[in-house]
Amino acid sequence: PKPAPAPEPAATPVAPSHTGTAPPPIDIPNDKSPVSSSGKSVSGVQTCAECVQAFDMMKKRKAFKWIIYKVDQQLGMTVIDTAGGPDSSHEDFLAALPDDQPRFAVLDKVYINKDECRFDKIVFALYNPDSARIKQKMLYASSKDAFKGTFQGVSLEMQATDTTELDDESVMLRVRDVITRK
């Protein structure tokens, strides 16, 4: 007899890792297995399957407006820190970023040009604040390319050392720059 297939990992709510107002927790994948196609980054950090699953949910089903990821050094993997549901705002995203710790993030942004054409763009961001410890900053910087490579459909990459560099106006200006029909 064949062994029974392993049960699918249960979705767990992800609560914000910060203090302040944020949307209520939402269910996202909770699969801590490494993504085999991603390999390891220069730093040795792998990507959890839940990261790619949540990204695909954002891209295909518009389940999230943004997702923030962190490196879990005990697991040696990048995992989901928190996420904003379809009704969450850009301000919620900025409030969810810690003041003194780096994070990766993906944002689903919509740009409407002067001809009223709608463009959906996925933005990948490395948030590496000046106040973070040097070792953390180096870990995130050396893990970025391998982590970003696990996502298909990223239109634009941004790097920021302060939340003002990721405010809605700054992000939308960069999104506008990658669109050919402005």
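A brief structural summary. Treat the numbers as computed from the prediction; the structure is a model and nothing was measured.

1. Description of the overall build of the chain
Stage number 1. A tally of helices and strands in the chain yields four helices and eight strands.
Stage number 2. Within the chain, the proportion of its 182 residues that are buried is 43%.
Stage number 3. Of the roughly 9,800 Å² of accessible surface on the chain, 50% is carried by carbon and sulfur atoms.

2. What to know about the packing of aromatic side chains
Geometrically, a pair of aromatic rings is defined through the distance of the ring centres and the angle of the planes.
Stage number 1. According to the stated counting rule, one finds nine aromatic pairs in the structure shown.
Stage number 2. Look at tyrosine 69 and phenylalanine 147: their rings are 5.0 Å apart centre to centre, the planes differ by 70°, and that puts the pair in the edge-to-face class. Of this pair, tyrosine 69 sits in strand 4 (residues 66-72) while phenylalanine 147 is found in helix 3 (residues 134-148), placing the two residues 78 residues apart along the sequence. The residues tyrosine 69 and phenylalanine 147 share a single accessibility class, namely buried.

3. Notes on helix 1 (residues 49-61)
Stage number 1. With 13 residues, helix 1 should reach 18 Å at 1.5 Å per residue; the first-to-last C-alpha distance of 18 Å fits that figure.
Stage number 2. By the burial criterion, the buried members of helix 1 are Ala49, Glu50, Cys51, Val52, Ala54, Phe55, Met57 and Met58.
Stage number 3. Looking at the residues trailing helix 1, positive phi occurs at lysine 62, about 55°.

4. Some thoughts on the sheet that holds strand 8 (residues 154-160)
Stage number 1. What the six strands build is an open sheet, ordered 3-5-4-6-7-8; its pairing is mixed. Across the chains shown, the open sheet's two edge strands, defined by having one partner strand only, are strand 3 (46-47) and strand 8.
Stage number 2. For strand 4 and strand 5 (residues 77-84), the ladder comprises seven bridges, and the chain directions are antiparallel. Note that in strand 5 the partner of aspartate 72 across the bridge is methionine 77.
Stage number 3. Here helix 3 sits on the sheet in contact with strand 3, strand 4, strand 5, strand 6 (103-112), strand 7 (118-127) and strand 8, set at roughly 145° to strand 7.

5. Points about helix 3
Stage number 1. A rise of 1.5 Å per residue sets the reference length of helix 3, with its 15 residues, at 21 Å; its end C-alpha atoms lie 21 Å apart and thus fit the reference within 8%.
Stage number 2. Within helix 3 the residues assigned to the buried category are Gln136, Lys137, Leu139, Tyr140, Ser143, Lys144 and Phe147.

6. Structural notes on the environment of leucine 166
Stage number 1. With respect to the helices, strands and loops of the structure, leucine 166 is situated in the loop between strand 8 and helix 4 (168-178).
Stage number 2. For leucine 166, a relative accessible area of 1% translates into the label buried.
Stage number 3. Between the alpha carbons of leucine 166 and histidine 90 there is a distance of 9.3 Å; along the sequence they are 76 residues apart.
Stage number 4. Apart from residues lying up to four places away in sequence, leucine 166 is in contact with His90, Phe93, Leu94, Leu97, Ala125, Tyr127, Met158, Ala160 and Val171.

7. Thoughts on the pattern of salt bridges
Stage number 1. Summed over all chains, the structure comprises nine salt bridges.
Stage number 2. The residue arginine 103 makes a salt bridge to aspartate 81 at a minimum N-O spacing of 2.9 Å. Placement of the pair is arginine 103 in strand 6 and aspartate 81 in strand 5, with a sequence separation of 22 residues. Of the two residues examined, arginine 103 and aspartate 81, each falls in the buried class.
Stage number 3. Ionic pairing is found between aspartate 177 and arginine 176, a salt bridge with its closest N-O pair at 3.9 Å.
Stage number 4. Look at aspartate 177 and you get exposed, because its relative accessible area is 51%.

8. Concerning the nonpolar core
Stage number 1. Phe64, Ile67, Tyr69, Phe104, Val106 and Phe151 are the most contacted members of the largest nonpolar core, which has 28 residues in total.
Stage number 2. Counting residues per element, this core draws most heavily on helix 1, at seven residues.
Stage number 3. Among the nonpolar cores identified, the runner-up in size contains 20 residues, and Trp66, Tyr127, Met172 and Val175 belong to it.

9. Some details on the side chain of lysine 137
Stage number 1. Tracing the chain through its elements places lysine 137 in helix 3.
Stage number 2. For lysine 137, which is buried and forms no salt bridge, the nearest opposite charge comes from aspartate 130, at a distance of 4.1 Å.

What counts as what
Residues numbered from 1 in each chain as written. Predicted model: local features only at pLDDT ≥ 70, side-chain atom pairs only at ≥ 80, totals over all residues. Heavy atoms only, no water. Helix = DSSP H or I, 4+ residues; strand = E, 2+ residues; numbered from the N terminus. Buried < 20%, exposed > 50% of the residue type's maximum accessible area, 1.4 Å probe, protein only. Areas by Shrake-Rupley, 256 points an atom, 1.4 Å probe, with all protein chains shown as cover. Phe/Tyr/Trp six-rings, centres within 6.5 Å; stacked < 30°, edge-to-face > 60°. Expected span 1.5 Å × (residues − 1). Pairing = 2+ DSSP bridges. Contact = heavy atoms within 4.5 Å. Axes fitted to C-alpha atoms, helices over the stretch in contact; angles between N-to-C directions. Salt bridge = Lys/Arg side-chain N within 4 Å of Asp/Glu carboxyl O. Core = buried A, V, L, I, M, F, W, Y, C linked by side-chain atoms within 4.5 Å. Lys, Arg positive; Asp, Glu negative; His and termini not counted.

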